[in-house]
Amino acid sequence: MHEREAQDAMVERDDNSHEPRGPKPLKRSSAGVIALLLVGVMMFLPTNFMIRSPGPVFNTLGKDEGKDVVSIEGAKTYASDSELDLLTVYVQGGGQNRVTIPVVLEAMLNPTKDVVPEETIMAHNTSSQQQNEQNDMMMTSSQDLAIAAAMTELGYDYKTWLSVADFSNELNSKLLKKGDRLLKYNGKDISSLEELKKQLNANGEKPATLTVGRADKQGDYKNVDVTVKTEAADNGDRQLGIFLGTEHKFPIGVKFGLSNVGGPSAGMMFALSIIDRLTEGSLAGSTT
């Protein structure tokens with residue numbers, strides 16, 4: 001009697017040990033689903049990385065989308081068999097177009113791509129539109145410098161001015177305008193950036209008369225005298241509180257038909273293509 005009761009008790013305990021204890025399997029399933037959802041969401045979050053990869057190659061003596069990459073007006077040009085290739089780099093991500101984690105992982109495994117932190121290419125808090133505008137400005141500057149280099153090599157005369165590109169502070173922002181050409185400082189011609197720095201430092205903190213060429217609504221330039229102030233930079237040099245650009249007036253017209261390419265490079269290939277077009281023969285030799 002007692003032995004049977006003991007066996008029944010053991011069986012009862014064994015049965016109880018296999019009974020489900022509340023909704024734990026359901027909890028485990030829910031946690032797994034939530035974890036998968038979180039991983040899925042994280043995979044599509046934007047990152048602070050940018051991806052660089054090889055872009056298209058353009059022959060600067062050829063065409064892009066049916067247009068001459070470089071065309072010249074106002075001078076005799078010559079045919080050429082040269083191929084002067086401009087290499088480009090395709091940049092993905094940054095600003096409002098950030099790339100996601102899967103895209104970054106694919107680029108890390110791709111030997112033709114390079115993953116870099118966003119701040120190495122774009123300044124902090126710079127939007128995609130601002131970056132594109134900066135790239136366009138740098139490309140325009142590169143093209144102007146290429147024309148200047150070609151004109152210098154070929155012995156053409158042209159004019160160059162330092163101009164007001166933008167303002168770094170409010171010091172002279174109400175007196176000067178963007179696009180003003182800097183002509184004279186206290187009556188002395190401004191022939192170069194180095195000469196302007198010497199004049200600014202020599203005058204010190206005293207106000208000075210700056211003569212600028214300012215365009216009217218018709219695009220005609222007139223000389224205007226402005227009394228400007230300067231301030232000391234960290235290195236002690238006097239500054240006008242402006243960002244300077246370079247403006248040129250060339251004796252011939254050069255147009256660039258390259259689309260959707262920006263940045264500061266490509267100047268050498270542009271300069272060589274201009275020289276090649278303005279001289280007989282092929283600069284890079286014959287392709288035959």
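Residues numbered from 1 in each chain as written. Predicted model: local features only at pLDDT ≥ 70, side-chain atom pairs only at ≥ 80, totals over all residues. Heavy atoms only, no water.

Q: Would you mind going over the sheet that holds strand β5 (residues 85-92) with me for this structure?
A: Picture the strands of a sheet paired through backbone hydrogen bonds; they go either parallel or antiparallel. Spatial strand order, β5-β1-β6: 3 strands in an open sheet with antiparallel pairing. Of all the strands in the sheet, just β5 and β6 (114-117) have a single pairing partner and so form its edges. When strand polarity is set aside, the average angle formed by the axes of neighbouring strands in this sheet is 40 degrees. As judged from the 4 bridges shared by strand β1 (residues 49-59) and β6, these two strands associate in the antiparallel manner. Note that in β6 the partner of Ile51 across the bridge is Val115. Against the sheet, helix α3 (residues 101-109) engages β1, β5 and β6, with an angle of about 60 degrees to β1. (Pairing = 2+ DSSP bridges. Helix = DSSP H or I, 4+ residues; strand = E, 2+ residues; numbered from the N terminus. Axes fitted to C-alpha atoms, helices over the stretch in contact; angles between N-to-C directions. Contact = heavy atoms within 4.5 Å.)

Q: Is there a simple way to think about a nonpolar patch on the surface in this case?
A: Taken together, the side chains of Leu105, Met108 and Leu109 present a nonpolar region at the surface, about 370 Å² in accessible area. The topology assignment puts Leu105 in helix α3. Leu105 sits in the partly exposed class, given a relative accessible area of 42%. (Patch = residues over 30% accessible without salt bridge, like charges linked within 9 Å, V, L, I, M, F, W, Y side chains within 5 Å. Areas by Shrake-Rupley, 256 points an atom, 1.4 Å probe, with all protein chains shown as cover. Salt bridge = Lys/Arg side-chain N within 4 Å of Asp/Glu carboxyl O. Buried < 20%, exposed > 50% of the residue type's maximum accessible area, 1.4 Å probe, protein only.)

Q: Explanation requested: the nonpolar core in the structure shown.
A: Of all hydrophobic cores here, the largest spans 23 residues; its most connected members are Val254, Phe270 and Ile274. Listing elements by their share of this core, those giving two or more residues are β4 (70-73), α4 (128-154), β15 (253-256) and α6 (267-278). Examining the composition of this core, we find that 6 residues originate from one element, α4, more than from any other. When residues no more than four places from it in sequence are discounted, the contact partners of Ile274 are Val70, Ile72, Ala146, Ile147, Ala150, Met151, Val254 and Phe256. (Core = buried A, V, L, I, M, F, W, Y, C linked by side-chain atoms within 4.5 Å.)

Q: I keep staring at α4 and nothing clicks. Help me out?
A: The end-to-end C-alpha distance of α4 is 39 Å, a good match for the 39 Å that 27 residues give at a rise of 1.5 Å each. Of all the residues in α4, the buried ones are Ser128, Gln131, Asn135, Met139, Ser142, Gln143, Ala146, Ile147, Ala148, Ala150 and Met151. Summarising the contacts, the buried residues of α4 are in contact with β14 (242-249), β15 and α6. The first or second residue beyond α4 is Gly155, which carries a positive phi of 85 degrees. (Expected span 1.5 Å × (residues − 1).)

Q: What should I look at first to understand the environment of Glu280 in this one?
A: As for its position among the elements, Glu280 is in the segment after α6. Distance in space between the C-alpha atoms of Glu280 and Thr77 is 8.1 Å, their sequence separation being 203 residues.

Q: Hey, could you run me through the pattern of salt bridges in this one?
A: Two side chains bearing opposite charge may form a pair once their charged atoms approach each other closely. Applying the stated rule across the entire model yields 8 salt bridges. Note that Arg98 is salt-bridged to Glu118, the shortest N-O span being 3.1 Å. On the criterion of sequence distance, the pair formed by Arg98 in the loop between β5 and α3 and Glu118 in the loop between β6 and α4 is long-range, its members being 20 residues apart. Its relative accessible area of 35% is what places Arg98 among the partly exposed residues. A relative accessible area of 8% places Glu118 in the buried class. In this structure, the salt-bridge partner of Asp166 is Lys178, at a minimum N-O distance of 3.7 Å. Placement of Asp166 in strand β7 (residues 159-167) and of Lys178 in the loop between β7 and β8 (181-185) is noted, with a sequence separation of 12 residues between them. On the accessibility criterion, Asp166 (33% relative accessible area) is partly exposed.

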